[in-house]
Amino acid sequence: MPYTTEEGGRLNNFAREPKVYQAEPPTAQQKRNYIILGAVGIILVSGLIFVAFSVSNLS
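Residues numbered from 1 in each chain as written. Predicted model: local features only at pLDDT ≥ 70, side-chain atom pairs only at ≥ 80, totals over all residues. Heavy atoms only, no water.

1. Regarding the overall build of the protein
Spelled out, the test is: Helical segments are the DSSP runs of H or I of at least four residues, strand segments are the runs of E of at least two, and each set is numbered from the N terminus. In this description the radius of gyration comes from C-alpha coordinates, and the expected globular size is given by 2.2 Å times residues to the power 0.38. We call a residue buried when its accessible area falls under 20% of the maximum for its residue type, exposed when it is over 50%, and partly exposed in between, using a 1.4 Å probe and counting protein chains only. The Shrake-Rupley method, run with a 1.4 Å probe, gives the accessible areas here. Residue values count only the displayed protein chains as cover. Positive charges come from Lys and Arg alone, negative charges from Asp and Glu alone, with His and the N- and C-terminal ends not counted. Charged side chains are reduced to one point each, which is NZ for Lys, CZ for Arg, CG for Asp and CD for Glu.
Counting secondary structure elements, the protein contains 1 helix and 2 strands. The globule rule puts the C-alpha radius of gyration for 59 residues at 10 Å, and the 25 Å found for the protein is more than 25% above it. Out of the 59 residues belonging to the protein, those deemed buried represent 0%. For the protein, the accessible surface area stands at approximately 6100 Å², while carbon and sulfur atoms represent 64% of it. Here the protein carries 5 positive and 4 negative side-chain charges, and the mean point of each set is 16 Å from the other.

See the structure below:
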């Protein structure tokens, strides 16, 4: 692990840096999966909000 010594004998440790790489754009299948997951998420949240409002108006 790389480190330096400061005044007074204190050690300053540095984290190991990760490899840097170029990100690849998503494929057509990944894009389709993102759209499907987004739609499922919106339906789930909408359903939860609907149930919350339905239950709060019962009394």
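2. Overview of a nonpolar patch on the surface
The line we're drawing: Think of a patch as exposed residues, more than 30% relative accessible area, with no salt bridge, where like charges cluster within 9 Å and nonpolar side chains (Val, Leu, Ile, Met, Phe, Trp, Tyr) cluster within 5 Å. Each reported salt bridge corresponds to a side-chain nitrogen of Lys or Arg within 4 Å of a carboxyl oxygen of Asp or Glu.
A grouping of Val45, Ile49 and Phe53 is seen on the molecular surface, where their side chains present a nonpolar patch of about 300 Å² in accessible area. By secondary structure assignment, the location of Ile49 is in helix α1 (residues 28–56). Taking relative accessible area as the criterion, Ile49 reaches 44% and is therefore assigned partly exposed.

3. Digging into the environment of Leu44
Here Leu44 shows up in helix α1. With 13 residues separating them along the chain, Leu44 and Lys31 place their C-alpha atoms 20 Å apart.

4. Concerning the confidence of the model for the protein
Our working definition: A score from 0 to 100, pLDDT tells how confident the predictor is in each residue.
With 92% of its residues at a pLDDT of 70 or more, the protein has an overall mean of 88. Within the protein, α1 carries the highest mean pLDDT (96), whereas strand β1 (residues 3–5) carries the lowest (72).

5. A few points about the environment of Ala52
Note that Ala52 resides in helix α1. Taking the C-alpha atoms as reference points, Ala52 and Pro18, 34 residues apart in sequence, are found 45 Å from one another.

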